[in-house]
Amino acid sequence: MSDIVEKTLTALPGLFLQNQPAGGPAAPKASFSSRLGGLVRGITALTSKHEEEKLIQQELNNLKATVSAPTTTLKMMKECMVRLIYCEMLGYDASFGYIHAIKLAQQGNLLEKRVGYLAVSLFLHENHELLLLLVNTVVKDLQSTNLVEVCMALTIVSQIFPREMIPAVLPLIEDKLQHSKEIIRRKAVLALYKFYLIAPNQVQHIHIKFRKALCDRDVGVMAASLHIYLRMIKENSSAYKDLTGSFVTILKQVVGGKLPVDFNYHSVPAPWLQIQLLRILGLLGKDDQRTSELMYDVLDESLRRAELNHNVTYAILFECVHTVYSIYPKSELLEKAAKCIGKFVLSPKINLKYLGLKALTYVIQQDPTLALQHQMTIIECLDHPDPIIKRETLELLYRITNAQNVTVIVQKMLEYLHQSKEEYIIVNLFESILVLNTVDTYAPDNAWFIQTMNAVFSVGGDVMHPDIPNNFLRLLAEGFDDETEDQHLRLYAVQSYLTLLDMENAFYPQRFLQVMSWVLGEYSYLLEKEKPEDVITRLYKLLMNDSISSETKAWLFAAVIKLTPQAHSSNLVERLIQEFTISLDTCMRQHAFELKYLHENIELMKSLFPVDKSCEEMVVDASLSFLDGFVAEGLSQGAAPYKPHHQRQEEKLSQEKGDFFHETSSLKLEGIKKLWGKEGYLPKKESKIGDEVEAPPIPQENLTIENMDQVITKRDQSQVLTQSKEEKEKQLLASSLFVGLGSEGTINLLGKADTVSHKFRRKSKGKEAQREETTSAHSVTCSSLSSLSKVTCENNYLNTFSQLLDSESLTELPLVEKLSDCSLSAPSLFADNDMEIFHPPPSTAASVAKGISLYMHSNLMEVCNNEAVSISSYKIWKDDCLLMVWSVASKSGSELKSANLEIFPAENFKITEQLGCCLPVVEAESTRNFQYSVHLEKPFTEGNLSGFINYQLMDTHSVQLEFSINLSLLDFIRPLKISTEDFGKLWLSFANDVKQNIKTSESQAALPSALKTLQQKLRLHVIDIIGNEGLLACQMLPSVPCLLHCRVHTNVIALWFRSSCSSLPDYLSYQCQKVMEGS
Amino acid sequence: KGHLELGSWGKRFRTKSRTLHSVHVLQMRFMLLFSRQGKLRLQKWYLATSDKERKKMVRELMQVVLARKPKMCSFLEWRDLKVVYKRYASLYFCCAIEGQDNELITLELIHRYVELLDKYFGSVCELDIIFNFEKAYFILDEFLMGGDVQDTSKKSVLKAIEQADLLQEVRARDSEEEEE
C-alpha cells in the first residue's frame, strides 16, 4: 500500500502540470483538477475502510451542497460530476447528482456536455425514469451543426435510450445515414443497431438503408452494418442468402489486404471485421450446400493466410474452424480445420490450449476420431493445475461418453466435484453426470448407478435442483422394464443407504436424507435379513438428531409411518409417539398424533399403507360425500350450512365493493403449515445432520474401480510395455476414456451402442407422470390414503347447471364457422401420435364432407396396414359424443370378402356401433367406413381403443389385423356456451379449484391471442373479456362443466379453474400449459 | 421408443447441451479495470444491471481474478459468463462475455484498448487512469459502442478523441475569455 501512496504523491505535481494548457486559464483549471486529485490522494492515504467511508461521506455532503447551490456554475458542476462518478465507482450512492448530470448534458458547453453525457451513461440504466428528461437534449444535439455534439448524442443513444422514445429520434438518426462524414454515418448505423436490439419492429422499415450502409465506401460504416446483419441473419438466415456473394467478396478483399493499412492490427488486416464476416458465413451456410459452396474458396484462403505468429491470427483461425464445421461439410476444408485444431491443442500456450479444447468440444460431435488423435493431450489436461482447463476437458469428455467409458468419465467428474467450490459449476457438472447416469442409458449396472447417485447426492445435495432427487425417486419407483431387475435395484438402494446411515460421524445433505427416508419407507420390505424394526431404529436416531431440519424430519416420520404396519414389535413406535406428541414443532406433533391414532388399528393402517404401491393412482373423494350423513345430521340440528372459503370471500368482497368478481388474496395462509399435499408431504428448509451407529461400511469407490479395470484390460497392452510408469497410467486412462471411439472397434461412434441394456430407460407411466412432473415440485407420491373412497363427482352437479343446459341447447354452438381453422390446427392436438397423414381417396373425403361436416374432426391417420388393406381413422368431435370413424381401404388388385371390424370394449367408455359393420365384398381400391360413437363413462387421463378387422381375400383364408388408437380426455371436452352472469353463479357453486400461472413470451401476453389458442386447441368457449381478464367455459361430456378465469399480468397468465369434478381442473390446467407453452 | 419417454427431465438436459455451442449474437456484458489491491478504476456495463447486483458482481469477480496465479489461463468461467482478463503492470483489465464468444479476440480487444490508452496518454500508467478516468471512458466509448467494436482503426479512434478534445479546449478558452 505504502509504495503506491508514495508513487501517487510523487507523480501528482507532474500530472497537474501535464494537464494544464499553457497560458492564462491555468489557475482555475488546476484548482478543479486538484479537487479530484485531492480526493484521490486523500483516499489513497487512508488505511482503513472506515476512514474512507467517513471521508467519502464528507465529500458527498460537500458535493450535495455544491450541486444544489444556485451559484454553482456549469464549470464547477462539471468538476463535481467527475468527483461524483468517482464516488459511485468506489461504491457509494451519489443518486442526488443524477438529475444534475442530465442538466449538465442539457445546458453545458461542449466540454461540460461531454462530461454530463458520460455521467448519465454511467449513472442511469435503460429503464431509469430520469432518462426521459434527456430525450429533448438528444433531439437538439442530433440537429446540431457541430459534429462533436452530434457524435455525443449518437453515442449516448447507442448506450442507453428509453425504448418508448425511439420514435422521437429515429427520423433524425435515419437522416444521419446520408451524412457526409463517415464517423457520423458509422455511429448512426450503430445507434440503429441498438434500436434493432431493443425494438426490432421499429426499425423494420429501414432495412433497405442497411443495405446501403453495407455498400458504404467507408470501411468503418460497412463494418458497423455487419453487426445488424449478423443479428438479422441469425434470426432468419434464409432471407439474406442473396447477400452471401457480397460477404464473400468483402472477406476476400479483407484477407487479401485490400483495406487501408490503419485497419491493420499487428499487421493482420481488420481482425474484428474478419471474425464478424466468418460468423455471418457460418450462419448462412448452415445446412445449405449451394450457399456453402460459394464460400469454400475464401475459407480455404483464410485458413491459409492466417500465419501463426500472433494471438489475433489464432482468434481468426478459431472462428474459421467454427465456420468450416458449421456449414455444409467439405472434406478438404475439414481436414485443414482439424489440423488447425491440432495446432491449438498442442500449443504450449495455455490460452490456445483452452481454445483448442473448446474447438474440439464443438467439433467432436461430427468427428469423434479427432478426440482419439489428441487423447494424450486430453489426458494431460484432465490433471491440469488450472481448473478451467479441467472443466473444459470434462465438458469434452461428456460429449464422447458411451457405454464403455461412462464409468471412468463419471468418476473424473465426481473427482472434480469434490474439489470445486464454485456453485454454478457444481450444479452444471452434476446435471451432466445425471444425464449420463439416467437419461442416456449408459449405466452399466445397478450397483454403479446407486453408488454414483449416492456420491452425487452427498456432494451436491444441498445445491442441486429439487427436481433431481424427485426424479431419481420416481425412476426408482416406476422402475424399468424388468420387474425383478427393479427389485434388485431397490434392494440395493435400501442396503446401501442403511450402510451409509450406519457410518459413524457421517454428514449427509438434507436432500440426500430425504431421498433415503423415502426409499427406506417404501422398500425396506425387500430386506430379508433385517426387520422393519431395525430400519425404524435408524430412522428414530435421525429423528432425535437436532441438526436435522424439520422438513427432513417430516420425511423421516412418513417413512416410520409406512414401516409401522410391517413391524412386529411396536415399542419403538410407541416411544416415538410419546416423544413427539409433546414436540414443540406443530408439524411433528401432528404427525405423531396421526401415527398414534392409526397405530391403534393396525389392520386399517395396513390397508392405508400397502406395500409397494407408490405408483398406483390415488383416488380421493374431494367432495367428501362420505360425510353427507354427518352433515345432514348437523344441519337438522340447526347448524349453519357450510360455505367454502372462496364463497365466503366472494360474499365479503361483493358486500364491500358490490362487485363479485375479484381475485381473493386477503386470507393469509402463510402461518399455517400444510402437511399433506396431493403428492405427499409438503416440507420446508434444511440444515446438517450426523449419526452414529457402527456397522461395516460398503466402500464407495470399490465398484467403479473394478469396472474401470475391466474396461482397461479389454484394450491391448502392447504399447504400454515400453513406457514409464506415469506414462502407462496415462495410457491406461486414455484407453479407458476413448474406448468405443476408435476406428478399430468400428463401434457406432457417440451413438448409443446397441450392446447396452436398455434397462435405464424410463418406463412410461403415461401422461399422468408427465403432468406430475410439470405441476408439482414434490412429485413423490405417497402410497397412503389411496383407497379411501371413489370419486363421485358426477353426482355433484348443481341444479343451476342443469337449468342452464335446458335453456340453451348445446347443439346450437357456432362450431361451423370455426371449422376451417380448427381442422387446420387440429393436428397439433394429435402431434403426439406421430403418424403419417393418410390421404384419403376421393370417396372417403366426400363422405366425410357430406355426413359430418358440421362438426370438427381430426385428420385422417393410418393406424395399420398390410399388403392388402390400409386402415385409417379419424375422430369427429360431435356435440354429445366422440364419433370414431375407421376407414378401411383395400389396395389395388386385392378384393376383400366379408370384411368385419370389431372394437374391444374398453374401460371408461361406452362404445356403440353406428351403422352396419359387415359388408360382403370390398372391391379393389375402394373404401369402407365403420363408425362408432364413444361415450365417456368415467373421467380418465389416458385411454386407448383397440380392435381388429378380419377379412378374406379372394384366394386365401381370413386374415385378422389388429390396431389401436389413443384417446385423450380432450376428445370429450366441448365448449360450454353460457352468459357472464351464469358464469358468476356457477363459479361460486363449484368446490374444486386449481390455479396456475403460466409464463408466456411477450408476444403471447395479449389476452385475446391466448384465449384464441385455448379456444382453438382445447375447445373452450370464450364467454367474455373484461379488461385484462377473460372468462371461458367448457364441459366434459356428457355434462360436467368446468370454468376458467384468466388474468394477464405483464407476461404471466394466471389461470384459475373451477369445476364440480375434482380431476377436471387439474387435467385442463395441464393441457392449457401444454398448448400455451407449445405455441 | 425409449426416447419418447424421457419425460421433460431428459428433454431439458438435452436442449441444454444442444444450445451450448450454437452461434449467438455476442455482446460484451461489462468491462472492469481494477488494481492489484482490489480498487475499482473503471467500470462499464453494457447490459442493464441493478446497482446492488453490480457491486456484488464486482466484488466477487475481483476476488476470483486476483486469486488466479500468473501462469494460468486468461479465461475463466464465472457464473454463466466467460471472463477474459489480462494484467498490465498493476492494473487488471477484465471483460465478461458470453460463453460462446471468441475469448481470444476479446483478449486482443483489451490489448487494443490498452494500446489506445498508451498512445493517448503517452506510456500510460495506473495513475493516468485514476486521475483522468473520464478520458479513459471517452476513449472506451469511442472504441466500443454498446459492447461492440466500433472501429478497428487506431488512428480514427484517437482522431475522434483529439478532435473532441481540441474543440473543447477552444470552446473552454473562449468561454473563459468571455467570463473575463
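Provided above is the structure to which this section pertains.
Residues numbered from 1 in each chain as written. Chains lettered and ligands numbered in written order. Predicted model: local features only at pLDDT ≥ 70, side-chain atom pairs only at ≥ 80, totals over all residues. Heavy atoms only, no water.

**Student:** Just to check I follow, could you spell out the overall build of chain B for this structure?
**Tutor:** What chain B contains, in helices and strands, is six helices and seven strands. Written out in order from the N terminus, the α and β elements of chain B read α-β-β-α-β-β-β-α-α-α-β-β-α. Within chain B, the proportion of its 180 residues that are buried is 62%. In the structure as shown, chain B presents an accessible area of about 7500 Å², 52% of it carried by carbon and sulfur atoms. (Helix = DSSP H or I, 4+ residues; strand = E, 2+ residues; numbered from the N terminus. Buried < 20%, exposed > 50% of the residue type's maximum accessible area, 1.4 Å probe, protein only. Areas by Shrake-Rupley, 256 points an atom, 1.4 Å probe, with all protein chains shown as cover.)

**Student:** Could you clarify how one ought to interpret the overall build of chain A in this entry?
**Tutor:** In terms of regular secondary structure, chain A is built from 43 helices and 20 strands. When burial is assessed residue by residue, chain A has 55% of its 1079 residues classed as buried. The contacts in chain A between residues at least 6 apart in sequence include a share of 68% that link residues at least 24 apart. Split by element, the accessible area of chain A, about 47800 Å² in all, is 52% carbon and sulfur. (Contact = heavy atoms within 4.5 Å.)

**Student:** Would you take a moment to explain the pattern of salt bridges for this structure?
**Tutor:** Evaluated as defined, the whole model comprises 33 salt bridges over all chains. The salt bridge involving R391 of chain A is made with E77 of chain B; its shortest N-O contact spans 3.8 Å. Placement of R391 of chain A in helix α21 (residues 387–399) and of E77 of chain B in strand β3 (residues 75–78) is noted, with the two residues assigned to different chains. The same class applies to R391 of chain A and to E77 of chain B, which are both buried. (Salt bridge = Lys/Arg side-chain N within 4 Å of Asp/Glu carboxyl O.)

**Student:** Just to check I follow, could you spell out the pairing of strand β8 (residues 882–890) of chain A for this structure?
**Tutor:** Walk down a regular strand and you will see the side chains alternate between the two sheet faces. Residues and elements named next belong to chain A. Among the nine residues that make up β8, nine are buried, leaving the element largely enclosed by the rest of the structure. Neither face of β8 is left uncovered, since the one carrying L882, M884, W886, V888 and S890 and the one carrying L883, V885, S887 and A889 both have all their residues buried. Here nine bridges tie strand β7 (residues 869–877) to β8, and the two strands are oriented antiparallel to one another. Following the sheet pairing, I871 is matched in β8 by V888. Hairpin geometry of β7 and β8 is characterised by an intervening segment of four residues between the two adjacent antiparallel strands. (Pairing = 2+ DSSP bridges.)

**Student:** Even after reading the chapter, I still don't get the packing of helix α20 (residues 375–382) of chain A against α21 of chain A, so can you show me in this structure?
**Tutor:** Any two packed helices are characterised by the angle at which their axes cross and by the distance between the axes. All names here are of chain A. Between α20 and α21, whose axes approach to 8 Å, the crossing angle comes to 130°. With respect to each other, α20 and α21 are oriented oblique. α21 is crossed by α20, and the crossing has left-handed handedness. On α21, the residues touching I378, C381 and L382 of α20 are I389, K390, T393, L394, L396 and L397. (Axes fitted to C-alpha atoms, helices over the stretch in contact; angles between N-to-C directions. Parallel < 35°, antiparallel > 145°, perpendicular 65-115°, else oblique. Left-handed = near helix turned anticlockwise from the far one by under 90°.)

**Student:** Whenever I open this one, helix α27 (residues 510–523) of chain A confuses me. Can you help?
**Tutor:** Residues spaced three or four apart along an α-helix face the same direction, because each turn holds 3.6 residues. Here α27 of chain A contains 14 residues, and its C-alpha end-to-end distance of 20 Å stays within 8% of the 20 Å for a straight helix at 1.5 Å per residue. Most of α27 of chain A is tucked away, with 14 of its 14 residues classed as buried. (Expected span 1.5 Å × (residues − 1).)

**Student:** Is there a simple way to think about the environment of L1037 of chain A in this case?
**Tutor:** Residues and elements named next belong to chain A. One can find L1037 in the loop between β18 (1029–1036) and β19 (1040–1048). On the basis of relative accessible area, L1037 is assigned to the buried category, the value being 4%. Measuring from C-alpha to C-alpha, the distance between L1037 and F972 comes to 5.4 Å, with 65 residues separating the pair along the chain. Filtering out sequence-adjacent residues up to four positions away, L1037 remains in contact with K878, D879, D880, C881, L936, F972 and R974.

**Student:** How should I be thinking about empty space enclosed by the protein in this particular structure?
**Tutor:** Any empty space left between the atoms is revealed when a probe the size of a water molecule rolls over them. A full pass over the atoms with the stated rule returns 18 cavities of 30 Å³ or more. Taken together, 20 residues line the second largest cavity, and the ones lying closest to its centre are R114, C151, M152 and T155 of chain A together with E142 of chain B. Residue assignment for the lining of the second largest cavity shows that the elements contributing at least two residues are α6 (110–123), α8 (147–159) and α10 (182–198) of chain A together with α5 (133–143) and α6 (154–179) of chain B. For the lining of the second largest cavity, the element with the highest residue contribution is α8 of chain A, accounting for seven residues. By residue class, the composition of the lining of the second largest cavity is 12 nonpolar, four polar and four charged. Taken domain by domain, the lining of the second largest cavity gets at least three of its residues from each of domain 1 (35–124) and domain 2 (132–235) of chain A. (1 Å grid on protein atoms, 1.4 Å probe; cavity = no way out; pocket = protein on both sides within 12 Å on 5 of 7 lines; lining within 4 Å. Points joined across faces, edges and corners; volume = space filled by probe spheres on them. Nonpolar A, V, L, I, M, F, W, Y, C, P; charged D, E, K, R; others polar. Domains from an automatic or database assignment.)

**Student:** Whenever I open this one, the side chain of E134 of chain B confuses me. Can you help?
**Tutor:** Along the chain, the position of E134 of chain B falls in helix α5. Notably, E134 of chain B is buried but unbridged: the nearest opposite-charge side chain belongs to K135 of chain B, and the N-O separation is 4.6 Å. (Lys, Arg positive; Asp, Glu negative; His and termini not counted.)

**Student:** Sorry, what's going on with the packing of aromatic side chains here?
**Tutor:** Any two aromatic rings considered together are summarised by their centre-to-centre distance and by the angle between their planes. Under the definition given, this model contains 30 aromatic pairs over all chains. Between Y523 of chain A and Y525 of chain A the ring centres are 6.5 Å apart and the planes differ by 40°, which places this aromatic pair in the tilted class. Exposure remark for Y525 of chain A: the relative accessible area of 27% places this residue in the partly exposed category. With 5.1 Å between their ring centres and 85° between their planes, W987 of chain A and W1056 of chain A make a pair best called edge-to-face. Here the residue W987 of chain A occupies a position in helix α41 (residues 980–989), and W1056 of chain A occupies one in strand β20 (residues 1052–1059), the gap between them amounting to 69 residues. For R114 of chain A, the ring lying beneath its charged end belongs to F138 of chain B, and the centroid distance is 3.8 Å. (Phe/Tyr/Trp six-rings, centres within 6.5 Å; stacked < 30°, edge-to-face > 60°. Lys NZ or Arg CZ within 6 Å of the ring centre and 35° of its normal.)

**Student:** Just checking my understanding: could you explain the sheet that holds strand β5 (residues 91–98) of chain B for this structure?
**Tutor:** Backbone hydrogen bonds hold the strands of a sheet together, and the pairing may be parallel or antiparallel. Residues and elements named next belong to chain B. With antiparallel pairing, the five strands of this open sheet are ordered in space as β2-β1-β5-β4-β3. This sheet does not close on itself; its edge strands, each paired only once, are β2 (40–45) and β3. Taken over all neighbouring pairs, the strand axes of this sheet differ in orientation by 20° on average, direction set aside. Of the pairings in the sheet, the one linking β3 to strand β4 (residues 81–88) comprises four bridges and is antiparallel in character. Opposite F75, over in β4, you have V84 as the bridge partner.

**Student:** Sorry, what's going on with unusual backbone geometry here?
**Tutor:** Generally, phi is negative for residues other than glycine and the peptide bonds are trans, each holding for most cases. At A270 of chain A, a residue that is not glycine, the phi angle is positive and equals roughly 35°. For A270 of chain A, the position within the fold is in the loop between β2 (268–269) and α14 (271–285). When its relative accessible area of 0% is taken as the criterion, A270 of chain A is described as buried. The residue S123 of chain B is not glycine, and still its phi comes out positive at about 40°. Structurally, S123 of chain B can be placed in the loop between α3 (103–121) and α4 (126–131).

**Student:** What am I meant to see in the nonpolar core here?
**Tutor:** Nonpolar side chains tend to gather and get buried jointly when the protein is soluble and globular. One finds F247 of chain A together with Y113 of chain B to be the most contacted residues of the largest nonpolar core, which totals 222 residues. With 11 residues, α10 of chain A is the single largest residue contributor to this core. Core analysis: the next-biggest nonpolar cluster, separate from the first, contains 67 residues, L556, V560, L563 and M605 of chain A among them. (Core = buried A, V, L, I, M, F, W, Y, C linked by side-chain atoms within 4.5 Å.)

Read these as layout, nothing more, since geometry by itself doesn't imply function.
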